[in-house]
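Below, each chain spelled out in residue letters.
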Amino acid sequence: MTRATLDKQPHEVASMFDDVAANYDLTNDVLSLGQDRRWRKEVAKAVDARPAQRILDLAAGTGTSSLPFTATGAYVVPCDFSLGMLREGKKRHPWLPLTAGDATRLPFADGVFDAVTISFGLRNVQDTGRALRELYRVTKPGGRVVICEFSHPTWAPFRTVYEEYLMRALPPVARAVSSNPDAYVYLAESIQSWPDQPGLARQLQHAGWSKVAWRNLSGGIVALHRGTKP
């Protein structure tokens, strides 16, 4: 497979993630210098899952991101459109109700989840606005959304260093630890083309979410956006 373009054709992106499924979690840990574990903890705090609540974990990949929610006693549905990721997740976590689904056409009824969350996946969806509206549709009134996504560092000198890392250091590291290093070149490009923090907040508001806010993590490398369904 050639490297997926930034047109984000669903079949190309799904195929790309199928190819990296086996080593995906390890590669992320290496490339983020271990920061991804801290980011997942912050997502869990923001979602604030409670016993018996229904949580949708979209773009869940192998299901690793869902584990903190299950630990609270919540009922978690990990959903992803990469069958390779889901198969790998089923090997590791056979008890999880892993579900195949496209973020722009979710296979769930209206208003069934107390909280919906997506980490490092919204950037890879072809139609961001449609995905945000779908998340809104499947959330109960009063429910919440938490989006964890790569963003733009707020301090200009650090932003320059970070962008150099993305485009120069990331590819050779990816070649050493990933089964498909081209996938990580695509991911670096998609990070650079992604809207900044206020831009994503506006898209959430346009999709119907209220009380939209965000918090920067690791100097803005990652942003945690939140919203509530009225």
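Residues numbered from 1 in each chain as written. Predicted model: local features only at pLDDT ≥ 70, side-chain atom pairs only at ≥ 80, totals over all residues. Heavy atoms only, no water.

> Could you clarify how one ought to interpret the overall build of the chain in this entry?
A tally of helices and strands in the chain yields 9 helices and 7 strands. Scored against the burial criterion, the 230 residues of the chain give a buried share of 52%. For the chain, the proportion of contacts with a sequence separation of at least 24, taken over those separated by at least 6, is 67%. (Helix = DSSP H or I, 4+ residues; strand = E, 2+ residues; numbered from the N terminus. Buried < 20%, exposed > 50% of the residue type's maximum accessible area, 1.4 Å probe, protein only. Contact = heavy atoms within 4.5 Å.)

> Even after reading the chapter, I still don't get the pairing of strand β6 (residues 210–217), so can you show me in this structure?
The side chains of a regular strand alternate between both faces of the sheet. The pairing of β6 with strand β7 (residues 222–228) spans 6 bridges and is antiparallel. Bridge pairing in β7 places R215 opposite L224. Where β6 hands over to β7, the hairpin turn is made up of 4 residues, of which S218 adopts a positive phi near 50 degrees. (Pairing = 2+ DSSP bridges.)

> Got a minute to help me understand the confidence of the model for the chain in this structure?
Predicted coordinates in regions of low pLDDT should not be interpreted in detail. Of the residues in the chain, 78% have a pLDDT of 70 or more, and the chain-wide mean is 85. Every residue in residues 1–6 scores below 50 in pLDDT, and together they form 18 contacts with partners more than four places removed in sequence or on other chains. (pLDDT = per-residue confidence, 0-100.)

> Help me understand the side chain of S151 in this model?
Within the secondary structure, S151 is located in the loop between β5 (139–150) and α7 (156–177). The class of S151 is buried, set by a relative accessible area of 4%. S151 has contacts with Y162, I191, P195, D196, Q197, G220, I221, V222 and A223, leaving out every residue within four places of it along the chain.

> I would appreciate a short explanation of the pattern of salt bridges in the present structure.
Note that side chains of opposite charge can pair when their charged atoms are close. For the structure on display, the rule yields 10 salt bridges. Ionic pairing is found between R105 and D102, a salt bridge with its closest N-O pair at 3.2 Å. Residue class for D102 comes out buried when judged on its relative accessible area of 18%. Sharing partners across several salt bridges, the network here consists of E42, K45 and R215. (Salt bridge = Lys/Arg side-chain N within 4 Å of Asp/Glu carboxyl O.)

> Please clarify how the nonpolar core should be interpreted in this entry.
Buried together is how nonpolar side chains tend to be arranged in soluble globular proteins. Grouped together as the largest cluster of nonpolar side chains are 26 residues, with contacts concentrated most on L56, F108 and L135. Contributions of two or more residues to this core are made by β1 (54–58), β2 (75–80), β4 (113–119), α6 (128–138), β5 and α9 (197–206). A total of 4 residues in this core trace back to one element, the largest contributor, which is α6. Not counting residues up to four positions away in its chain, the partners in contact with L56 are V77, C79, L106, F108, F113, A115, V116, T117, L135 and V138. (Core = buried A, V, L, I, M, F, W, Y, C linked by side-chain atoms within 4.5 Å.)

> I tried to follow the sheet that holds β2 on my own but got confused; where do I start?
Adjacent strands of a sheet form backbone hydrogen bonds with each other and so pair up, either parallel or antiparallel. An order of β3-β2-β1-β4-β5-β7-β6 is seen for the 7 strands of this open sheet, with the pairing classed as mixed. Every interior strand has two partners, whereas the edge strands, β3 (99–100) and β6, have only one. As defined by bridge partners, β1 adjoins β2 across 5 bridges and the pair is classed as parallel. Within the sheet, the bridge partner assigned to R54 lies in β2 and is Y75. Along the sheet, α9 contacts β5, β6 and β7; its crossing angle with β6, the most-contacted strand, is approximately 155 degrees. (Axes fitted to C-alpha atoms, helices over the stretch in contact; angles between N-to-C directions.)

> Whenever I open this one, the pairing of β7 confuses me. Can you help?
When you tally the buried positions in β7, you get 5 out of 7 residues, the bulk of the element. Of the pairings in the sheet, the one linking β5 to β7 comprises 7 bridges and is antiparallel in character. By the bridge assignment for β7, R144 is matched with T228.

> Please explain the environment of K211 as it appears in this structure.
Checked against the element boundaries, K211 lands in strand β6. Taking the relative accessible area as the measure of exposure, K211 reaches 70% and is therefore exposed. Between the C-alpha atoms of K211 and K229, which are 18 residues apart in sequence, the distance is 8.6 Å. Sequence-distant contacts of K211, defined by excluding residues within four places in its chain, comprise R226, G227 and T228.

> Hey, could you run me through α9 in this one?
Side chains of residues three or four places apart in an α-helix project in the same direction, reflecting 3.6 residues per turn. Along α9, the residues that are buried comprise Q197, G199, L200, A201 and L204. Taken together, the buried residues of α9 touch α6, β5, β6 and β7. The N-cap residue of α9 is D196: its side-chain oxygen and the backbone nitrogen of G199 are 2.9 Å apart. Just downstream of α9, G208 is the residue with a positive phi angle, here 110 degrees. (Polar contact = N/O pair within 3.5 Å; in protein donor to acceptor, adjacent residues only side chain to side chain.)

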